[in-house]
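Commentary on secondary and tertiary structure
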Amino acid sequence: MATEIRVPTLGESVTEATVGKWLKKAGDTVKADEPLVELETDKVTVEVPAPAAGQLAEIKVAEGTTVAIGALLGAINESAAGVVASVGAQKEAPARPAPAAQPEPPPRAAPVSNVIAAVMPASPAARKQMAEAGLQPGDVTGSGRRGQVLKGDVAAAVKLEPQAQPARQPRQEEEPASPPATRGPMPVPARDLRIPATLSEDSREERVKMTRLRQTIALRLKEAQNNAAMLTTFNDADMTAVMAMRTQYKELFERRHGVKLGFMGFFVKACIQALREIPAVNAEIDGDEIIYKNYYHIGVAVGTDRGLVVPILREADRMSIAEIEGAISDFGKRAREGKLSITDMQGGTFTISNGGVYGSMLSTPILNAPQSGILGMHRIEERPVVRNGQIVARPMMYLALSYDHRIVDGKEAVTFLARVKECLEDPQRFILEI
Amino acid sequence: MAGPYDLIVIGTGPGGYVCAIRAAQLGLKVAVVEKRATHGGTCLNVGCIPSKALLHASELYEEAGHGFAAMGINVKPTLDLARMLAFKDEGVKGNVDGVAFLLKKNKIDHVHGTGRILGPGKVGVTFINGEKSELEAPAIVIATGSDVAKLPGIDIDEKEIVSSTGALSLPKVPERLLVVGAGVIGLELGSVWRRLGSKVTVVEFLDRILPGMDSEVARSLERILIKQGMTFRLGSKVASVEKAGGALKVSVEPAKGGTADIIETDVVLVAIGRVPFTDGLGLAEAGIALDARKRIIVNGRFETNVSGVYAIGDVIVGPMLAHKAEDEGMAVAEILAGQAGQVNHDVIPNVIYTFPEVASVGKSEEELKAAGIAFNVGKFPFTANGRAKVNRTTDGFVKILADAEADRILGVHIVGAVASEIIAEAAVIMEFGGSAEDLARTCHAHPTLTEAVKEAALAVAKRAIHM
């Protein structure tokens, strides 16, 4: 008896995932709930557990393939002796008989559906377009009968994922029959296009499929740039007071709350203070309306080896600095382990990005669409400043606020950043909420 | 001649001229080299098109003589062969002129001469008057097609011993015609002359007609052709042809060996197949590799082992069919323009224009059995089709082969009137990977012969209505 391994539901708005690493080979004996394969989604990497104990009979999708929610990944053969030929796209070794002792009785009755093994091929035009866009079967969700990929589906997928196509392959969805009009550098002289990289160049190039996460990052960033009237305003903050407070209470804080006192807590608090005053920075555009959000879900960008993720501090205005620090530390840990859930990253209203941890002096962050503001933190550095007519060295940080000028006026943006600066320079304001 | 060119196509048959037009559509500057006075290659000049003209005319002649009376039309047709051949030539002219117009419309330069590959990017042209010239382009497509395969020891004079070319222009109807080869050309041209009055004998080396076709289809057509008056000598070979006082003495012996007997005939048509036309192209000098059957070896992009030299159609592997060459021509043009041109060689229809016609696409039963694929068969005879009944064209059937599990259509084989037209819907649904049920659930107009296709699709699930 075979139990199907399917792509589980991965949270709202997630419709597909990329198959990461198969942790088991076809023919391996697996226990129920043992991780079988990694799936990368836009936001997180999840492991798909074995739905039943038995032998991994076949792997249907190769690593790097994009699969839709509910798609068949493979099958587990629950019966002992059955040798199931591996017919998947995988180049894995053919299934071998399970070791005699292994198989346990099926832990739960698995529904055996009569799913037709054969997959509908993409339509002829879609096949060509997919080849041109560098898309694999499975990259595109088909809208035709029985999930067939049709021409329109490829066009839609290409639009959604401009990153998915290899750079060197020019794409022409539909060339005009008559001399080409506006799009691209047509006509295409054959001699230019036919010449591939020379052999010596070819061997020194490496082609790596963009991860789902990377594709999403690319897409979102470009979208933000395309849509928002984005610009950045700068200020600087004297971190003396915050650093003094940190030094004074570091140990006590850690003892009491079990978490280190960092800078993020102060910045989150400062931003909320400023957002309350300037609601346009905590707003978004929806059609011809502006949505002002009277709640504060602050995204904190966390770098991981897979790319940047932005987990959300929900209702951050109701959190203490200790709670904020605790939550951020937990996010960081889970992000590095790839264990953030989708819900951890949805619904932010404002974002803080800290390039300072990597030593950045100054940057212009890109908005996390559809949000209207993002604060950039940078490195703290002793710089000469003038206080009371004297040149003194102070720990300074440049602050950057990128904002959507469509709904945030210059005055508002500058005021927002000034407020953040004031709060940081005088943390007593937190207590008084001014 | 206005250079420089992006592409030079050698040969303007269906593969070459389509390739040239498609490339021009995509913005490439194209020149074509053609040695024949007219475009269109074998297909338009001495192949598909003229033979269809004669098949059409001879079919009507036969119908008028034998079928009209039953419908209450009393006529006694007389044959004006010269006029019929002129009718054929008019049809050819209309088509080749059409190609010339299309090439001109797409601003493709026509070089009238014989092309020869001088090296990567270089084509030498010998004009009809013997003068020579050279053309250069980064891409060259060889689309030189194929030539008649010859029988060793038998010289084709195109008068008494003819190839398909001569058989399209016999000045008078031979009393007796002996056809060597029971393939598509032999059966089509054999049919033409039988209808016009010849006594036709077909000698075939194999013990079946239409090698490669689904054998049930072949057997069925064989029975029908015998009924029409054609004689078959299967499992036999022609050892020699001797001219003896106005007649030809053909020595026919069993393929396995044995005693020969002599068949007297007036005309011998050699129709044992076609061979790739690769001579005189300078392929050996250019270092272009051929396979054992003298076909040019190409990769998935139709490129030969010499960079920038491509080949399509009859000179490469695959069935020697005009439409296969056309699609390859289109694909290679798109590839040259940076697109992902492709041809699905699994879905190429194949038609024999006898009466009834035979058309097939996809796999035969034998191929599926050999591949170990489990399949279901749905078959529906035209005797049970309303339109065929009133038209009295009840010979033949539609057969659909579908995957036993997925129901996906793997092959469609039709013997019947206008099978050539009907096969198109099978190709479309196969190209989309459709199932027999998909076809069965697609509404077909009534009354049409295509209803037989729908019924055959229903028959795959054993639920044909009209059987």
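This report concerns the structure included in the present document. (Residues numbered from 1 in each chain as written. Chains lettered and ligands numbered in written order. Predicted model: local features only at pLDDT ≥ 70, side-chain atom pairs only at ≥ 80, totals over all residues. Heavy atoms only, no water.)

Description of the overall build of chain A
Put simply, the test is: Strands are runs of DSSP state E lasting at least two residues, helices are runs of H or I lasting at least four, and both sets are numbered from the N terminus onward. Type-normalised accessible area, obtained with a 1.4 Å probe on protein chains alone, sets the label of each residue: buried when under 20%, exposed when over 50%, and partly exposed for intermediate values. Method for areas: the Shrake-Rupley scheme with a 1.4 Å probe, in which residue coverage is limited to the protein chains shown.
Of the regular secondary structure elements, chain A holds ten helices and 19 strands. Counting the 434 residues in chain A, one finds 44% classified as buried. Carbon and sulfur atoms provide 54% of the accessible area of chain A, an area that totals close to 22,200 Å².

Observations concerning the pattern of salt bridges
Using the following cut-off: We define a salt bridge as a side-chain nitrogen of Lys or Arg found within 4 Å of a carboxyl oxygen belonging to Asp or Glu.
Under the definition given, this model contains 45 salt bridges over all chains. Across the pair B:Glu334 and A:Lys128 runs a salt bridge whose closest N-O atoms are separated by 4.0 Å. Residue B:Glu334 is found in helix α9 (residues 322-336), and its partner A:Lys128 is found in helix α1 (residues 124-133); the two belong to separate chains. A relative accessible area of 9% places B:Glu334 in the buried class. The salt bridge involving B:Glu328 is made with B:Lys324; its shortest N-O contact spans 3.2 Å. Of the two residues, B:Glu328 and B:Lys324 both sit in helix α9, four residues apart, roughly one turn of that helix. Of the two residues examined, B:Glu328 and B:Lys324, each falls in the buried class.

Observations regarding the side chain of A:His297
Formally: Contacts described as polar in this section are N or O atom pairs within 3.5 Å, which, within protein, must combine one atom able to donate a hydrogen with one able to accept it, while residues neighboring in sequence count only if both atoms come from side chains.
If you trace the backbone, A:His297 turns up in the loop between β11 (289-292) and β12 (298-300). For A:His297, the side chain forms a polar contact with the main-chain nitrogen of A:Glu315, separated by 3.0 Å.

Some thoughts on a nonpolar patch on the surface
Under the convention used in this document: Surface patches are defined over residues having more than 30% relative accessible area and no salt bridge, joining like charges when they lie within 9 Å and nonpolar side chains (Val, Leu, Ile, Met, Phe, Trp, Tyr) when within 5 Å.
Where nonpolar side chains cluster on the molecular surface, the patch consists of A:Phe234, A:Met361 and A:Leu362 and spans about 270 Å² of accessible area. Note on placement: A:Met361 falls in the loop between β16 (350-354) and β17 (373-377).

Topic: the sheet that holds strand β3 (residues 29-30) of chain A
All names here are of chain A. Selection criterion: For two strands to be treated as a pair, DSSP must find at least two bridges joining them.
Here four strands make up an open sheet; going across it, the order is β1-β8-β6-β3 and the pairing antiparallel. For this open sheet the edge positions go to β1 (2-6) and β3, each flanked by a neighbour on one side alone. Relative to strand β8 (residues 72-77), strand β6 (residues 54-59) is paired through four bridges, and the arrangement is antiparallel. Across the sheet, Leu56 pairs through a bridge with Ile76, a residue of β8.

Let's talk about the packing of aromatic side chains
Heads up, the condition is: Classification of ring pairs rests on two measures: the distance between centres of Phe, Tyr or Trp rings, Trp counted by its six-membered ring, which must be within 6.5 Å, and the angle between planes, read as stacked under 30 degrees, edge-to-face over 60 and tilted in between. Note on criteria: charge over ring means Lys NZ or Arg CZ within 6 Å of the ring centre, with the direction from the centre no more than 35 degrees off the ring normal.
Throughout the structure, instances matching the rule amount to one aromatic pair over all chains. Lying across the ring of A:Phe263, A:Arg246 places its NZ or CZ 4.3 Å from the centre.

Notes on the pairing of strand β22 (residues 409-416) of chain B
All names here are of chain B. Taken across its eight residues, β22 has eight buried, putting it largely inside the fold. Sheet topology places strand β21 (residues 397-403) next to β22; six bridges connect them, and they run antiparallel. Opposite Ala402, over in β22, you have Ile409 as the bridge partner. Connecting the antiparallel pair β21 and β22 is a turn made up of five residues, with Asp407 showing a positive phi of about 70°.

Here's the deal with helix α4 (residues 81-105) of chain B
Because each turn of an α-helix spans 3.6 residues, side chains separated by three or four positions in sequence point in the same direction. Residues and elements named next belong to chain B. What counts, and what does not: A helix is expected to reach a length of 1.5 Å times the quantity of its residues less one. Contacts between residues were defined by any pair of non-hydrogen atoms, one from each residue, lying within 4.5 Å.
Between the first and last C-alpha of α4 there are 36 Å, a value that for 25 residues agrees with the 36 Å anticipated at 1.5 Å per step. Summarising the contacts, the buried residues of α4 are in contact with α1 (14-25), β2 (30-34), α2 (41-46), α3 (48-66) and α6 (184-195). Positive phi appears at Lys107, one or two residues downstream of α4, with a value of about 55°.

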